Amino acid sequence: MTILEDLQWRGLYADCTDLAALTRRLAAGPLTLYCGFDPTADSLHAGNLVPLLALRRFQLAGHHPIALAGGATGMVGDPSGKSDERNLLTPAQVAHNIAAIKGQLAHFLDFNAAANPARLVDNSSWTAPLSFLDFLRDVGKYFSVNVMIAKDSVRSRLEGEGGISYTEFSYMLLQAHDFLHLRTTADCELQVGATDQWGNITAGTDLIRKKHGGSLPAWGLVFPLLTKADGTKYGKSASGAVWLDPKRTSVYRFYQFFVQAEDADVVKLLKVLTFLSREEITALEAEMTANPGARATQKALARELTTLVHGADALNAAVKASEILFGGSLDGITEELFHDVAGEIPTKDCEMAKLAGAGTALTDLLVLAGLAPSKGQARKDIEGGGVYVNNVRSADVARAVTAADLLFGKYVLLRKGKRTYALLHVK
C-alpha cells in the first residue's frame, strides 16, 4: 500500500486540502512534512501519539519529517477544541515544557536515518525576532477577519459565553506563519495534524498561496481525533490524561490503561497506535471474536504501545507488576518495580515497633489495613483461606507478622480474596 492507502485503512484519514494533487505529489517522490506540538504541559499524552506516529509512518515510507515544538505558539495558546481561555504560561514554564517534550519527540523519530533523518525545530527561533509591526504587515495583511471568525475553532468560542481574546484569536496567524516559514526555508510541502487543527492548517496553505501564488504548492492533511466508540476523547483515565512521561503516568498504569480497552475500541487502537501489519491486526481481530474473554487483543495493544513508548524492559516490569496484582509471586521483584505496584494500592502507615520481636497478630494488621472491620471477621477470613501476606496464603489464625516479613525493609503486602490489597508502610 502507499502511505495514503495505509492511512486510510488505519482510519487515519479525515480530510485533505487537495487529495488528488497530494496523491500525485507523493507518487513523484519523497516530500518534507511537519506537525506541531505545543508545550501546554511538560509531557505529551496518549492523544498526541496519533500525529506523532503518523510522522513516523511517513518517515518509514521514505519522506522527511519535521517535529515542531511550539516555543512561540505555546506562549499564546491554541483555542482549537477549547471552550474557555487557556491560562497563559510563563516564559519559564514554556522553556521547561519545551525541554521535556523535545526529548519525547526525539524518542519516536529517527534523527540518524541515512536518507531521510527527522528534524526537530522550535518556532520561537523564527517568531521571536519578528517585530509586531513586521508581523502585521507580512502576515496579518493577508488574512480576512471575516474568514477567520468563520473557522470552527474561532466561531465556537465566539458563540460561547466567554468569547475569545485577541491573543488566542491571533494563534491562527502564528501557525500559518510557521507553515510559510518551513515552506520557504525547509521545502516543507505538507502539514499534518488532528481535525481540530484544520482551520489553522488551511490558514497556512492560504497564506502560502497568497504570498507565492502557485509557485509553492502546499497541502494540509488531518487525522480524526482519537475517540472511543461512544464519541468521547480517548487517552484519559479516571485520574486524568494518560501521559507519556512515567513520572506522570506510571508504566504500570500506562500498560493497564490499554489492557482495559473496550472490545469496541481495541481494533481501531491497534490500527491507529501501532505499527502492526494489516495481517497481524486482522489475526488479532479474529482471535478476539473467537475468544473475547482472553483479551489477547488488548494485551497485544498494551505490549506494543508500552514497548514503543517506554521500552522492552519497562514492558516486562509492567507485566510483572500486573501479575503481582493478580496474585503472582514476588520472587525476583526489584524495589523500583514494587514502588510502581505500591502506587496502585491503598497504603497505611505502621510503626516499626509493631513488627519488632514477636511482631503483631495478622488479625490486628488486617484491621489496621482496613481489610477487615473487626478481629473476629479477620479470623474468619484467615480460616477461610482468603488472606495472603506478600501474596502467600496464610491460613494460621495465630500467625504474627514480624520484621522478617518486610519487603525492602519497609513494606508488608496484604491481600484478601483475589484482588483486594492493602499495603503497610512500616516506619
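These lines cover the structure that appears in this document, whether it is placed above or below. (Residues numbered from 1 in each chain as written. Predicted model: local features only at pLDDT ≥ 70, side-chain atom pairs only at ≥ 80, totals over all residues. Heavy atoms only, no water.)

**Side note on the overall build of the protein chain**
Each helix and strand counted, the protein chain has 19 helices and 15 strands in total. Overall, the C-alpha framework of the protein chain stretches about 85 × 45 × 45 Å when taken along its three principal axes. Taking as baseline every contact in the protein chain between residues at least 6 positions apart, the subset at least 24 positions apart corresponds to 72%. Total accessible area on the protein chain stands at roughly 19,700 Å², and carbon and sulfur atoms take up 52% of it. Side-chain charges of the protein chain comprise 44 positive and 46 negative groups, with the mean position of each set lying 2 Å from the other. (Helix = DSSP H or I, 4+ residues; strand = E, 2+ residues; numbered from the N terminus. Contact = heavy atoms within 4.5 Å. Areas by Shrake-Rupley, 256 points an atom, 1.4 Å probe, with all protein chains shown as cover. Lys, Arg positive; Asp, Glu negative; His and termini not counted. Charge placed at Lys NZ, Arg CZ, Asp CG, Glu CD.)

**Considerations on the nonpolar core**
Across soluble globular proteins, nonpolar side chains show a tendency to be buried alongside one another. With 65 residues, the main nonpolar core has Phe58, Leu190, Val192, Leu221, Phe258 and Leu273 as its most contacted residues. A total of 7 residues in this core trace back to one element, the largest contributor, which is helix α3 (residues 49-60). Not counting chain neighbours up to four residues away, the residues in contact with Phe258 comprise Ala46, Tyr234, Leu273, Gln298, Leu301, Ala302 and Leu305. Judged by nonpolar contacts, the second largest core, of 27 residues, contains Val121, Trp126, Val139 and Phe179. (Core = buried A, V, L, I, M, F, W, Y, C linked by side-chain atoms within 4.5 Å. Buried < 20%, exposed > 50% of the residue type's maximum accessible area, 1.4 Å probe, protein only.)

**Considerations on the pattern of salt bridges**
A pair can form between side chains of opposite charge whenever their charged atoms are brought close. What the rule picks out here adds up to 15 salt bridges. Between Arg248 and Asp42 there is a salt bridge, with its nearest N and O atoms 2.6 Å apart. Of this pair, Arg248 sits in the loop between β8 (240-241) and α12 (251-259) while Asp42 sits in the loop between β2 (32-37) and α3, placing them 206 residues apart in sequence. A salt bridge links Lys410 to Glu335; its shortest N-O distance comes to 3.2 Å. Highlighted residues: Lys410 in the loop between β13 (400-401) and β14 (411-416) and Glu335 in helix α17 (residues 335-342), separated in sequence by 75 residues. A single salt-bridge network, built from bridges that share partners, covers Asp152, Arg155 and Glu159. (Salt bridge = Lys/Arg side-chain N within 4 Å of Asp/Glu carboxyl O.)

**Points about the pairing of strand β5 (residues 188-194)**
When you tally the buried positions in β5, you get 7 out of 7 residues, the bulk of the element. Of the strand pairs in this sheet, β2 and β5 are connected by 3 bridges, and their pairing is parallel. Among the inter-strand pairings, Tyr34 is bridged to a residue of β5, identified as Gln191. Inspection of the sheet shows β5 paired to strand β6 (residues 219-223) by 5 bridges, in the parallel sense. If you follow Ala194 over to β6, its bridge partner there is Phe223. Following the chain from β5 across helix α11 (residues 198-212) to the adjacent parallel β6, one finds a crossover that is right-handed. (Pairing = 2+ DSSP bridges. Right-handed = clockwise from strand over helix to strand, strands pointing away.)

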